[in-house]
Amino acid sequence: MTDQVTAADSGSSTDIPGKPTSASRTTLSHIMTHADTNLLGTVHGGVIMKLVDDAAGAVAGRHSGGPAVTASMDEMAFLEPVRVGDLVHVKAQVNWTGRTSMEVGVRVLAERWNESDPATQVGSAYLVFAAVDADGTPRTVPPVLPETERDERRYQEAQIRRTHRLARRRAIRELRERRVAEGLGD
């Protein structure tokens, strides 16, 4: 895939140089403690979601070269419970870019802090971030340049998710407008 095709597909301005996927990829690691647990004694899903949002935000800010805010989170999947003492690794990367927005994919892995067993994937999520300036106005982001076949697959899958998000938003808006027109209101 050429840089020119990537920029055209993403809707980004071609006058901003693209950035490779690896330029903003990051891993955030954290040992889970008793303060992170829920009533069942496992790590609270909200704690994991905050780590996911933190890692994704760092990636979005790196890629866009400035502040970026969470616009949406979808497909957050919890695959395995996380326990006190687990070392959690949150791996994030930009999968796709539009004109002012980016999809960030996140994988969550956990391993026992005192064992040598390999980390287990315990969750995954996709988040959309919007790049903003100091006034909160959306700003243009550089196109992401997939580097590997895996990056390319993630880019294509992200385009599919974007199409579905936009279609869902449009269908809900149309339903609400139709209900208002029929006098059914909220």
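Residues numbered from 1 in each chain as written. Predicted model: local features only at pLDDT ≥ 70, side-chain atom pairs only at ≥ 80, totals over all residues. Heavy atoms only, no water.

A. How the structure looks around unusual backbone geometry. Although it is not a glycine, Glu-75 adopts a positive phi angle of roughly 55 degrees. Inspection of the secondary structure puts Glu-75 in strand 3 (residues 68-78). (Helix = DSSP H or I, 4+ residues; strand = E, 2+ residues; numbered from the N terminus.)

B. Representation of the side chain of Glu-103. Mapped onto the secondary structure, Glu-103 falls in strand 5 (residues 101-112). Exposure remark for Glu-103: the relative accessible area of 0% places this residue in the buried category. Among the polar contacts made by the side chain of Glu-103, one reaches the side chain of Arg-161 at a distance of 2.8 Å. If sequence neighbours within four positions are ignored, Glu-103 has contacts with Gln-93, Val-94, Asn-95, Trp-96, Tyr-126, Leu-127, Val-128, Ala-158, Arg-161 and Arg-165. (Buried < 20%, exposed > 50% of the residue type's maximum accessible area, 1.4 Å probe, protein only. Polar contact = N/O pair within 3.5 Å; in protein donor to acceptor, adjacent residues only side chain to side chain. Contact = heavy atoms within 4.5 Å.)

C. Local environment of the nonpolar core. Ranked by size, the top nonpolar core spans 29 residues in total, and within it Val-52, Val-88, Val-90, Val-104, Val-106 and Val-108 carry the most contacts. Only helix 2 (45-64), strand 4 (86-97), strand 5, strand 6 (120-131) and helix 3 (149-181) provide two or more residues apiece to this core. Element by element, the count of residues in this core is highest for helix 2, at seven residues. Other than its neighbours up to four places away in sequence, Val-90 contacts Thr-26, Thr-27, Leu-28, Leu-51, Val-52, Ala-55, Val-106, Arg-107 and Val-108. (Core = buried A, V, L, I, M, F, W, Y, C linked by side-chain atoms within 4.5 Å.)

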